[in-house]
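A structural walkthrough
Residues per chain, in single letters:
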Amino acid sequence: MLYAIICTDIANSLELRKAQRPAHLERLEELQNNGRLVLAGPHPAIESNDPGSAGFTGSLIVAEFATLEDAREWADTDPYAKAGVFETVIVKPFKRVF
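This text gives an overview of the structure that appears in the document. What you are looking at is a predicted structure, and each value in this text was computed from that prediction instead of being measured.

**Examining the overall build of the chain**
Counting secondary structure elements, the chain contains three helices and four strands. Relative to the 2.2 N^0.38 estimate, which gives 13 Å for 98 residues, the radius of gyration of the chain is 13 Å and therefore close to what a compact globule would have. Seen through its C-alpha atoms, the chain measures out along the principal axes to roughly 35 × 30 × 25 Å. When each of the 98 residues of the chain is scored for burial, the buried share is 31%.

Shown next as structure tokens:
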């Protein structure tokens, strides 16, 4: 089943994000290589694909996991989560219609 992982950053998360980005992307690439990743990306703090120093306010990942518990475990062990980038993380089932 698909699950949406909806993350909200702490204030001023940009430097923490930068430090953890390679490890975070490596985990996403693993999902993608296994055909389980639907989409992933950050929420820019301003209306720009490159928000610069404004940074990001969170992230959205939609991926396939066997169970909700598996999706939560994956989210909890993400480098961004472990480093304290996220203030909140919501994981819930997602039904793709289009």
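**Some remarks on the layout of surface pockets**
Roughly 290 Å³ of volume is contained in the largest pocket. In terms of lining, the largest pocket is formed by 16 residues, of which the most central are Arg 17, Arg 21, Leu 25, Pro 42 and Tyr 80. Mapped onto the lining of the largest pocket, the elements with two or more residues apiece are α1 (14–33), β2 (37–44) and β3 (56–64). Per element, the largest residue contribution to the lining of the largest pocket is eight residues, and it comes from α1. Of the residues that constitute the lining of the largest pocket, the class distribution is nine nonpolar, four polar and three charged.

**Regarding the pairing of strand β1 (residues 2–9)**
The element β1 is largely enclosed, with a buried count of six among its eight residues. The pairing of β1 with β3 spans seven bridges and is antiparallel. If you follow Ala 4 over to β3, its bridge partner there is Val 62. In the sheet, β1 pairs with strand β4 (residues 86–94) via eight bridges, with the strands oriented antiparallel. Each residue of the ladder has a partner; that of Tyr 3, found in β4, is Pro 93.

**Side note on a negative patch on the surface**
Residues Glu 69, Asp 70, Glu 73 and Asp 76 make up a contiguous surface patch of negative charge. Relative to the helices and strands, Glu 69 is located in helix α2 (residues 68–76).

**Structural notes on unusual backbone geometry**
Look at Asn 12: it is not a glycine, yet its phi comes out positive at around 55°. Given a relative accessible area of 78%, Asn 12 falls into the exposed group.

**Re the nonpolar core**
Of all hydrophobic cores here, the largest spans 15 residues; its most connected members are Ile 5, Leu 31, Ile 61, Phe 65, Trp 74 and Val 91. Every element with two or more residues in this core is listed here: β1, α1, β3, α2 and β4. Residues within four places of Ile 61 in sequence aside, it is in contact with Tyr 3, Ala 4, Ile 5, His 24, Leu 28, Leu 37, Leu 39, Ala 40 and Trp 74.

About the cut-offs
- Residues numbered from 1 in each chain as written.
- Predicted model: local features only at pLDDT ≥ 70, side-chain atom pairs only at ≥ 80, totals over all residues.
- Heavy atoms only, no water.
- Helix = DSSP H or I, 4+ residues; strand = E, 2+ residues; numbered from the N terminus.
- Rg over C-alpha atoms; globule rule 2.2 N^0.38 Å.
- Buried < 20%, exposed > 50% of the residue type's maximum accessible area, 1.4 Å probe, protein only.
- 1 Å grid on protein atoms, 1.4 Å probe; cavity = no way out; pocket = protein on both sides within 12 Å on 5 of 7 lines; lining within 4 Å.
- Points joined across faces, edges and corners; volume = space filled by probe spheres on them.
- Nonpolar A, V, L, I, M, F, W, Y, C, P; charged D, E, K, R; others polar.
- Pairing = 2+ DSSP bridges.
- Patch = residues over 30% accessible without salt bridge, like charges linked within 9 Å, V, L, I, M, F, W, Y side chains within 5 Å.
- Areas by Shrake-Rupley, 256 points an atom, 1.4 Å probe, with all protein chains shown as cover.
- Salt bridge = Lys/Arg side-chain N within 4 Å of Asp/Glu carboxyl O.
- Lys, Arg positive; Asp, Glu negative; His and termini not counted.
- Charge placed at Lys NZ, Arg CZ, Asp CG, Glu CD.
- Core = buried A, V, L, I, M, F, W, Y, C linked by side-chain atoms within 4.5 Å.
- Contact = heavy atoms within 4.5 Å.

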